[in-house]
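Coordinate inspection notes
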Amino acid sequence: MNKSKTNIVIFASDAKHLSYLNSIINEMYSNQDINLLAMVCQETRLKHPIRDRSHYQIITNFEVKELKVESKSLGTILPFKPDWLIVSRERWDPEWSIIKEFKHEFNSKVALVEPNSAIINSVNGFLESESKNRFIDDIDVFFDHSEFIKNQRKLLGFKGNTIVVGNPKHDINLDVSQEDLKVLKNYYKVDPNKKQVLFFTLQNKYRYKLFEKFKEFKHKHPEYQYFIKPYPGEPFDPLFHKEYFPEFFMEGVTPILDEPHIWGMYNICDIHVGCFSSVMYSSFYLNKEIHEYSKEIGSHEGLESNLDILQGSSGHEDKIEMWLNTFNISLEEFKELTHPDEIKPLLKNNNKIWSNLSKLLYSKSEILKMYDEFNDKRASKRIIKYILDEK
């Protein structure tokens, strides 16, 4: 191991977060200026690095000859004193404990790769930004996807040090080999004589309204073959488990239960159906036929009001108890914090999307730039350059 190199640890606690970081790992592995140690989990469900150690693998780009620094949060001994920690999740354990240890015990710099493309501002987005602001003192840089998204987060009050690099999640994940596509087609029994449709779920009040739209679409097009992409880990969540097991509740629709499979299915499926969100970047990038239902089910209006949260829902995103506990505030204080007079100025850019959504669905270059400033699959290279320049 060359001591003059930059020592970097990358951590991912499940397949979803590994998908944001795997291109960075690949680029760093062959970089002559970096000593890399990546501790990653490829499971769809999140695993803890100590309790679930057997689910993790450690990747290094050098021969480990000596173990020097004990990391209690990772449950391992590192071969170097880390200069940088890179994660894509910060507000929950195990990542939060790891961030605290690296920042305060090892004096490492910490980088967070933003996982979501926050194109549409919302009350939930505002609350998430307020929550994220509690952690910015321990995170040196947030790598974001586009100037549009960076400005959306600023409107919501996010105060972190943000650098726009593009989205490394899409550097390599959509590049699925023909051999791997063939394996997936066999696994999911893809019918070569039919078009394939991919549905995208929601986890808020509008979940079941969207499912009704899926049923209508399916009834109108019985000639197609149908698949559905859940949120990562959604099928194993107690709130939704019964919808997926012993079989998916919507007859004739196959759920994609293994998170890594989604990249191939993005390619295989001809028609993508859901609500406008970060999950649809790949649909636009791959120039798929897109059917978008935000206005039809009213979710675009619900995003901009605190009523859905106050009234609650069957999903995760509208849970009032979660936000009261997060900020340790009363219900009245929450109402004041999210009063329409306070929220409305933060949502001013949304109309650029809602008023032109039908146009944007066909103006791929414009919408792709909103998602990703560069769309050149070089986000990981920009991240590495920034880190090495900061040495």
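Everything quoted here is computed from the prediction, not taken from an experiment.

1. Points about the sheet that holds strand 9 (residues 162-164)
Overall, mixed pairing links the seven strands, which are arranged 3-2-1-6-7-8-9 in an open sheet. The outermost strands of the open sheet, each flanked by one partner alone, are strand 3 (56-60) and strand 9. Taking the axes of each pair of neighbouring strands and ignoring which way they run, one obtains an average angle of 20 degrees across the sheet.

2. Re the pattern of salt bridges
Any two side chains of opposite charge can pair, on the condition that their charged atoms come close. Counted by the stated rule, this structure contains 17 salt bridges. The shortest N-O distance in the salt bridge between Glu27 and Lys381 comes to 3.1 Å. Linking Glu27 in helix 1 (residues 15-29) with Lys381 in helix 20 (residues 379-389), this pair joins segments that are 354 residues apart in sequence. Note that Lys109 and Glu390 form a salt bridge whose closest N and O atoms lie 3.8 Å from each other. In this pair, Lys109 is assigned in strand 7 (residues 109-113) and Glu390 in the segment after helix 20, connecting sequence segments 281 residues apart. Taken together, the salt bridges that share partners define one network made up of Glu90, Glu114, Lys132, Asp144 and Arg153.

3. Focus on the sheet that holds strand 11 (residues 225-229)
Overall, parallel pairing links the five strands, which are arranged 12-11-10-13-14 in an open sheet. Across the chains shown, the open sheet's two edge strands, defined by having one partner strand only, are strand 12 (253-255) and strand 14 (289-292). For this sheet, the mean angle separating the axes of adjacent strands, direction not counted, is 25 degrees. Across three bridges, strand 11 lies against strand 12 in parallel orientation. Residue Phe227 lies in a different strand from strand 12, and its bridge partner there is Thr254.

What counts as what
Residues numbered from 1 in each chain as written. Predicted model: local features only at pLDDT ≥ 70, side-chain atom pairs only at ≥ 80, totals over all residues. Heavy atoms only, no water. Pairing = 2+ DSSP bridges. Helix = DSSP H or I, 4+ residues; strand = E, 2+ residues; numbered from the N terminus. Axes fitted to C-alpha atoms, helices over the stretch in contact; angles between N-to-C directions. Salt bridge = Lys/Arg side-chain N within 4 Å of Asp/Glu carboxyl O.

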